[in-house]
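As a plain string of letters, each chain reads:
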Amino acid sequence: MHAYDEDLTQQVMGHLLDRLRLDPPPLGRLGEHEELALALKDAIGTRPRRPADVLRTYTDAMEPTVVSCDHPAFLAFIPGAPTKAAALFDMVVSASSLHGVSWLEASGAVAAENQVLRLFAHLAGMPQSAGGCFVSGGSAGNLSALVVARDTGRRRLGLAATAPVRIAVSDQVHSSVGNTLRIIGVEPLVVPTADHRLTGAALAAALDTASSDGGAPVVAVVATAGTTNAGIIDDLSGVAEQTRARDLWLHIDAAYGGAALFVPELRERLRGIEHADSLVVDPHKWMFAPFDCGALLYREPRLARAVHTQDASYLDAIHGADGADHDADWNPSDYAYHLTRRPRGLPLWFSLAVHGTDAYRDAVARGAEIAQHTARLVEATEGLELLREPELTVVLIRRAGWRPEDYYAWSKRLLASGLAFVTPSVWEGETVARLAFLHPGITEETVESIVDSLVREV
Ligand SMILES: *Cc1c(COP(=O)(O)O)cnc(C)c1O
């Protein structure tokens, strides 16, 4: 199984070349349970099968029943649209069995990943001594960062290692932060928002009340740079003013919106992000890296190291047990809760190096432009209402007279027709249409067809 097999290689590479050449790839469809069970019935047996046959099972049954996230008209959730360079280099990472846990094993890969992290730190205005690692995504980044926030806060206050503490979040914070707080046993101090945006004033009022409500001390605040549902950016400067005045950890979840750092006009809206003690950005969203890729940065990496470094005899070798000076060594495993990891920042590094950051600036800007174009189109269309001016790339639309089931039927219709993949969302308690742009290749013509499909009689 471990010997090079020319036939196997050609088959898989051939398939890959076919997939890469599709422009656009088919949108895909939802699979039926019975159809998939039948296709997979004898897939794995005790005896070998010809690779061509197994590949056919995949291309006939699996591939068509996976919606292509990289289709330009995939506008549901938050799409993914890897550059070809990044997608191809992801294969290199996989086929080379790169193991990105430590400097000892993968210094070259880690150095390249760190070059990307330094670029992010520079764009965000964080000190060049900032650092961290790539993790699987925003959820893993939020969890890893908030463990550091919790433990650092306890230490600053001279509390016991298990003392209760609270972390302030807005009522709009991402669901993964809610999950994180449950997992790490921290009670949230939920700050209400007016207009869905956490402000410095609302935070100050909540923190003042919390200081005398008999609850556990607040040690950190989470702010969001681009909510997933609507692309709303918190008042990062106002929030940072409060965290700095009160010596609280500031975690900024920029999983979706962080890519805006590439575009000077959008960067303005993220003012205050430079004060983050920890920052999460998901390159697998609006930075066109393949799944899964999240970037996690700490202002003071040593604080993360103190929390996440794992102590095990067999790991002594990566932590400098040989007595030599390893101060400059960087072990990604010391900055999140993981150990084994693929150097998932490398595909992005390759693509950034191949294309240059100007190309990223333009591609990110394109998503925001097409969202603006869509917003104007919606405003000009009778029967449609733009629910909010898009700040990033999400457009929320009300169709007069539609009930929730109408939005879901519309979503199904568009997928079946191959035009687009869109899923409804809820805005202020009401089911609405939501378009999340990201792929720079979407055309205005496609957008016009989608908007038209909301008002056309069917
Ligand atoms: C997508 C997202 C997350 C979760 O990231 P995953 O990569 O899906 O784990 C967290 N926060 C925000 C704001 C997001 O948009």
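Residues numbered from 1 in each chain as written. Predicted model: local features only at pLDDT ≥ 70, side-chain atom pairs only at ≥ 80, totals over all residues. Heavy atoms only, no water.

## Some words on the packing of helix H1 (residues 6-21) against helix H3 (residues 51-62)
Axis angle and axis distance: for two packed helices, these are the angle between their axes and the distance between the axes, and together they describe the pair.
Stage number 1. Interhelical geometry of H1 versus H3 gives an angle of 20° and a closest axis separation of 10 Å. With respect to each other, H1 and H3 are oriented roughly parallel. H3 is crossed by H1, and the crossing has right-handed handedness. Touching Leu8, Gln11, Val12 and His15 of H1 are Pro51, Ala52, Leu55, Tyr58 and Thr59, all from H3.
Stage number 2. Within the contact of H1 with H3, the residues separate by chemical class into six nonpolar, three polar and no charged. (Axes fitted to C-alpha atoms, helices over the stretch in contact; angles between N-to-C directions. Helix = DSSP H or I, 4+ residues; strand = E, 2+ residues; numbered from the N terminus. Parallel < 35°, antiparallel > 145°, perpendicular 65-115°, else oblique. Left-handed = near helix turned anticlockwise from the far one by under 90°. Contact = heavy atoms within 4.5 Å. Nonpolar A, V, L, I, M, F, W, Y, C, P; charged D, E, K, R; others polar.)

## What to know about helix H13 (residues 357-379)
Stage number 1. The end-to-end C-alpha distance of H13 is 34 Å, a good match for the 33 Å that 23 residues give at a rise of 1.5 Å each.
Stage number 2. For H13, the set of buried residues is Tyr360, Ala363, Val364, Ala365, Gly367, Ala368, Ile370, Ala371, Thr374, Ala375 and Val378.
Stage number 3. Residues of H13 that are buried make contact with helix H10 (264-267), helix H12 (346-355), strand S8 (384-386), strand S9 (394-399), strand S11 (430-436) and helix H15 (444-455). (Expected span 1.5 Å × (residues − 1). Buried < 20%, exposed > 50% of the residue type's maximum accessible area, 1.4 Å probe, protein only.)

## Focus: the pairing of strand S7 (residues 294-298)
Stage number 1. Counting buried residues along S7, five of its five residues qualify, which places the element largely inside the surrounding structure.
Stage number 2. Relative to S7, strand S1 (residues 131-135) runs antiparallel, the two being bridged by five bridges. Paired with Gly132 across the two strands is Leu297, which belongs to S7. (Pairing = 2+ DSSP bridges.)

## Digging into the packing of aromatic side chains
Stage number 1. Under the counting rule described, the total for this entry stands at ten aromatic pairs.
Stage number 2. When the centroid spacing of 5.1 Å and the interplanar angle of 65° are considered together, the rings of Phe74 and Phe421 count as edge-to-face. One end of the pair, Phe74, is in the loop between H3 and helix H4 (84-95); the other, Phe421, is in the loop between helix H14 (404-417) and strand S10 (425-427), and 347 residues separate them in sequence.
Stage number 3. With a centroid separation of 5.8 Å and an interplanar angle of 35°, the aromatic rings of Phe262 and Tyr360 are classed as tilted. Linking Phe262 in the loop between strand S5 (249-254) and H10 with Tyr360 in helix H13, this pair joins segments that are 98 residues apart in sequence. Each of the two residues, Phe262 as well as Tyr360, counts as buried.
Stage number 4. The structure contains a cluster of three or more aromatic residues connected by ring pairs, namely Phe74, Phe77 and Phe421. (Phe/Tyr/Trp six-rings, centres within 6.5 Å; stacked < 30°, edge-to-face > 60°.)

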